[in-house]
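Residue strings, one per chain:
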Amino acid sequence: MECSSIKHPFIFLFFCLVFLSPLVCSQLYYNFYDTTCPSLTRIVRSNVLSAMANETRIAASLLRLHFHDCFVNGCDGSVLLDDTSTLKGEKNARPNQNSIRGFEVIDKIKSALEVACPSTVSCADILALAAREAVNFSRGPFWSVPLGRRDGTTASESEANNLPSPFES
Ligand code: HEM
């Protein structure tokens, strides 16, 4: 059906809302949580800072956790999922097992955010922001993080096994 064939403007509007809004809503925005969770950045920053005060290395670990999340089907928080009876997660893939770390920092931030703004901020967004803060607090660069990622409900151990190996040429 072409838009030009629609006679009534309201029918056209309805058509656009129903069929096009999911596409529009799946965009990322820098101000995604400005009204729903204004304390987001402050909470992420304070938790990353206190984790770094406890152990400086955690900053590097958070950056790597973000990289290993994004490598498998994009930055959807899939790396954070535990194995279940129906899901083989990414935590035990060869490049990750006994190597990626920082989960407890993300969990702590998520708990604090559930108190401040329940059921609002995705774990994928928390990880993306925590990595940025960790790098920036380490005197690395700062980058703006567009927000509004949805958490993945699946993970892929086999794709996580495709992370580049330290033995590559
Ligand atoms: C592309 C090929 C890459 C390979 C083969 C590779 C491999 C590795 C290996 C073997 C380690 C040590 C892990 C351990 O000690 O358990 C490591 C650590 C690390 N990697 Fe990579 N990496 C790669 C790319 C990247 C990229 C793109 C980033 C950043 C976006 C990154 C960030 C880090 C950081 C920050 C650490 C230290 C993590 C910590 O101390 O907890 N790596 N990497």
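From a predicted model like this one, the values you see are computed outputs, not experimental measurements.

> Looking at this structure, I do not really get the site of the ligand. What am I missing?
The full set of residues close to the ligand is Arg 57, Ala 60, Ser 61, Leu 63, Arg 64, Phe 67, Ser 99, Arg 101, Pro 164, Ser 165 and Pro 166. Side-chain polar atom of Arg 57 to an oxygen atom of the ligand: 2.8 Å apart, as the coordinates give it. At 2.7 Å from an oxygen atom of the ligand is found a side-chain nitrogen or oxygen belonging to Ser 99. When its residues are assigned to classes, the shell around the ligand shows 5 nonpolar, 3 polar and 3 charged.

> Help me out: how do you make sense of the pattern of salt bridges in this one?
A side chain with one charge may pair with a side chain of the opposite charge, provided their charged atoms come close. For the coordinates displayed, the defined rule picks out 8 salt bridges. The salt bridge involving Asp 125 is made with Arg 149; its shortest N-O contact spans 2.6 Å. Taken as a pair, Asp 125 in helix H5 (residues 123–137) and Arg 149 in the loop between H5 and helix H6 (157–160) lie far apart in primary sequence, 24 residues in all. Residue classification places Asp 125 among the buried residues on the basis of a relative accessible area of 0%.

> For this particular structure, what's the right way to read the packing of helix H2 (residues 40–54) against helix H4 (residues 103–116)?
Helix packing geometry: the angle between the two helix axes and the distance between the axes. Close contact between H2 and H4 brings their axes to 10 Å; oriented N to C, the two are set at 145°. Seen from above, H2 lies across H4 with right-handed handedness. Here H2 contributes Leu 40, Ile 43, Val 44, Asn 47, Val 48 and Ala 51 to the contact with H4, which in turn contributes Val 105, Lys 108, Ile 109, Ala 112, Leu 113 and Ala 116. Looking at side-chain class alone, the contact of H2 with H4 contains 10 nonpolar, 1 polar and 1 charged residues.

> So what exactly am I meant to see when it comes to the nonpolar core here?
Soluble, globular proteins show a tendency: their nonpolar side chains are buried together. Counting 31 residues, the largest nonpolar core has Leu 40, Val 48, Leu 65, Leu 80, Ile 106, Ile 109 and Leu 113 as its most contacted members. If you list the elements that add at least two residues to this core, you get H2, helix H3 (58–71), H4 and H5. Top contributing element to this core by residue count: H5, with 7 residues. Leaving out residues up to four positions away in the same chain, Leu 40 has contacts with Tyr 33, Leu 113, Val 121, Leu 129 and Leu 147.

> Which parts of the structure should I look at to understand the UniProt feature "binding site: Ca(2+)" (unreviewed entry) in the protein?
With numbering matched to this structure, UniProt assigns "binding site: Ca(2+)" (unreviewed entry) to Asp 69, Val 72, Gly 74, Asp 76, Ser 78 and Glu 90. Taken together, the annotated residues stretch across 22 residues yet fold into one region, lying no more than 13.2 Å apart by C-alpha. With a relative accessible area of 1%, Ser 78 lands in the buried category. Excluding residues that lie within four positions of it along the chain, Ser 78 makes contacts with Asp 69, Val 72, Glu 90, Thr 154 and Ala 155. Relative to the assigned elements, Glu 90 resides in the loop between H3 and H4.

Procedures and definitions
Residues numbered from 1 in each chain as written. Predicted model: local features only at pLDDT ≥ 70, side-chain atom pairs only at ≥ 80, totals over all residues. Heavy atoms only, no water. Near = heavy atom within 4 Å. Polar contact = N/O pair within 3.5 Å; in protein donor to acceptor, adjacent residues only side chain to side chain. Nonpolar A, V, L, I, M, F, W, Y, C, P; charged D, E, K, R; others polar. Salt bridge = Lys/Arg side-chain N within 4 Å of Asp/Glu carboxyl O. Helix = DSSP H or I, 4+ residues; strand = E, 2+ residues; numbered from the N terminus. Buried < 20%, exposed > 50% of the residue type's maximum accessible area, 1.4 Å probe, protein only. Axes fitted to C-alpha atoms, helices over the stretch in contact; angles between N-to-C directions. Left-handed = near helix turned anticlockwise from the far one by under 90°. Contact = heavy atoms within 4.5 Å. Core = buried A, V, L, I, M, F, W, Y, C linked by side-chain atoms within 4.5 Å. UniProt positions renumbered as here; feature names shortened; annotations may be inferred.

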